[in-house]
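Chain by chain, the residues run as shown.
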Amino acid sequence: MLWYLVKSVPATFGASIARQASLVGLELGGSPWSVDWQRGILSANNLTVSMADSSLPLLEIPLVEVDFHPWRSLSGWQAAVYQVYLHRPTVHLRQEAGEAWNWSRWARNASQRMQGGGNGFVLGRLYADVVEVHLWGADGPISADNGVVTISGLQLPPAHGNAEAAIAAHFRADGGKLSVVGQGNAFAVQDGMWRPQLKVTITQQGIGPAVAEPMGWPATGSLSVTADR
């Protein structure tokens, strides 16, 4: 019984999350998962998340902690997990051929491949701190760091049409502050087509030219963005 609790449970969770990632076109790398039963936390170090058709990472995370209800795990991990905490993650946003972005391409592919089968995984809360973002555009990298990101009600595909997540992200950007706040469904599909339903407001507060100029933004201002394609 002790062996099952200490060894089998984190191994089973690792296999389950790898399988779920594979279903939506992702590959995971990193150390084996471990479990702290007193705190109800599963953790892994140096986790990487990449698209299955790319060796370049979407995410690099030194430490992941997953809060779960231990006894609900008997009914499956989707019922047990309620919060994920990412510590010091690096997010890679890359502009690819044809001006597509790597995260957009993944969301489109994941949504379309999961149509007509399976259940989307709903996560109550994802929280990340000390976030660093590397945006790789045509003119070279742009960086924002020391960020805090909270996503509530995140649902991976297949997402229901009325599924809606809320996001609040705040970063330091070349001496100023960059915030992204909004809500929506990044995995929405209509008539067999990927049609993300997103409404976000981007706010700049004294950001410096290293970020403002490549993005074509003023140092201080706001921009509302709606995606309904």
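Residues numbered from 1 in each chain as written. Predicted model: local features only at pLDDT ≥ 70, side-chain atom pairs only at ≥ 80, totals over all residues. Heavy atoms only, no water.

Please clarify how the overall build of the protein chain should be interpreted in this entry.
Counting its secondary structure elements, the protein chain contains four helices and 14 strands. Residue burial in the protein chain is summarised as follows: out of 229 residues, 41% are buried. Counted over contacts in the protein chain with a minimum sequence separation of 6, partners at least 24 positions apart contribute 52%. As displayed, the protein chain offers around 12200 Å² of accessible surface, 54% of which is attributable to carbon and sulfur atoms. (Helix = DSSP H or I, 4+ residues; strand = E, 2+ residues; numbered from the N terminus. Buried < 20%, exposed > 50% of the residue type's maximum accessible area, 1.4 Å probe, protein only. Contact = heavy atoms within 4.5 Å. Areas by Shrake-Rupley, 256 points an atom, 1.4 Å probe, with all protein chains shown as cover.)

Where do I start with the pairing of strand β9 (residues 165-173) in this structure?
A regular strand places its side chains so that they alternate between the two faces of the sheet. Relative to β9, strand β8 (residues 140-155) is paired through six bridges, and the arrangement is antiparallel. Among the inter-strand pairings, S152 is bridged to a residue of β9, identified as A166. One ladder, built from nine bridges, connects β9 with strand β10 (residues 176-185); its direction is antiparallel. Bridged to A165 within β10 is G184. (Pairing = 2+ DSSP bridges.)

Even after reading the chapter, I still don't get the nonpolar core, so can you show me in this structure?
Among soluble globular proteins, nonpolar side chains are generally buried collectively. L26, V64, V66, V81 and W106 are the most contacted members of the largest nonpolar core, which totals 50 residues. Contacts of V81, omitting those with residues within four sequence positions, involve F13, V66, D67, F68, F121 and L123. (Core = buried A, V, L, I, M, F, W, Y, C linked by side-chain atoms within 4.5 Å.)

Looking at this structure, I do not really get unusual backbone geometry. What am I missing?
With the exception of glycine, most residues fall at negative phi, and the peptide bonds are largely trans. We note that R88 has phi near 60°; this positive angle belongs to a residue other than glycine. One non-glycine residue, D174, lies in positive phi territory at about 50°. Its location among the elements puts D174 in the loop between β9 and β10. With a relative accessible area of 38%, D174 lands in the partly exposed category.

Help me out: how do you make sense of the pattern of salt bridges in this one?
Side chains that differ in sign of charge can pair as their charged atoms come close. Evaluation of the coordinates by the stated rule reveals four salt bridges. A salt bridge links R105 to D53, with the nearest nitrogen and oxygen atoms 2.8 Å apart. Pair noted here: R105 is in helix α3 (residues 102-113) and D53 is in the loop between β3 (41-51) and β4 (57-68), with a separation of 52 residues, a long-range link. Put simply, D36, R39 and E65 are held in one network by salt bridges that share partners. (Salt bridge = Lys/Arg side-chain N within 4 Å of Asp/Glu carboxyl O.)

What is the right way to look at the pairing of strand β5 (residues 81-87) in this model?
Here β4 runs beside β5; their pairing, made up of six bridges, is antiparallel. Bridged to V64 within β5 is L86. As judged from the five bridges shared by β5 and strand β7 (residues 122-137), these two strands associate in the parallel manner. What sits directly across from V84, in β7, is L126.

Would you mind going over the environment of V49 with me for this structure?
Structurally, V49 can be placed in strand β3. For the pair V49 and A21, spaced 28 residues apart in the sequence, the C-alpha separation amounts to 8.9 Å. Excluding residues within four positions of it along the chain, V49 makes contact with L26, E27, L28, P57, L58 and L59.

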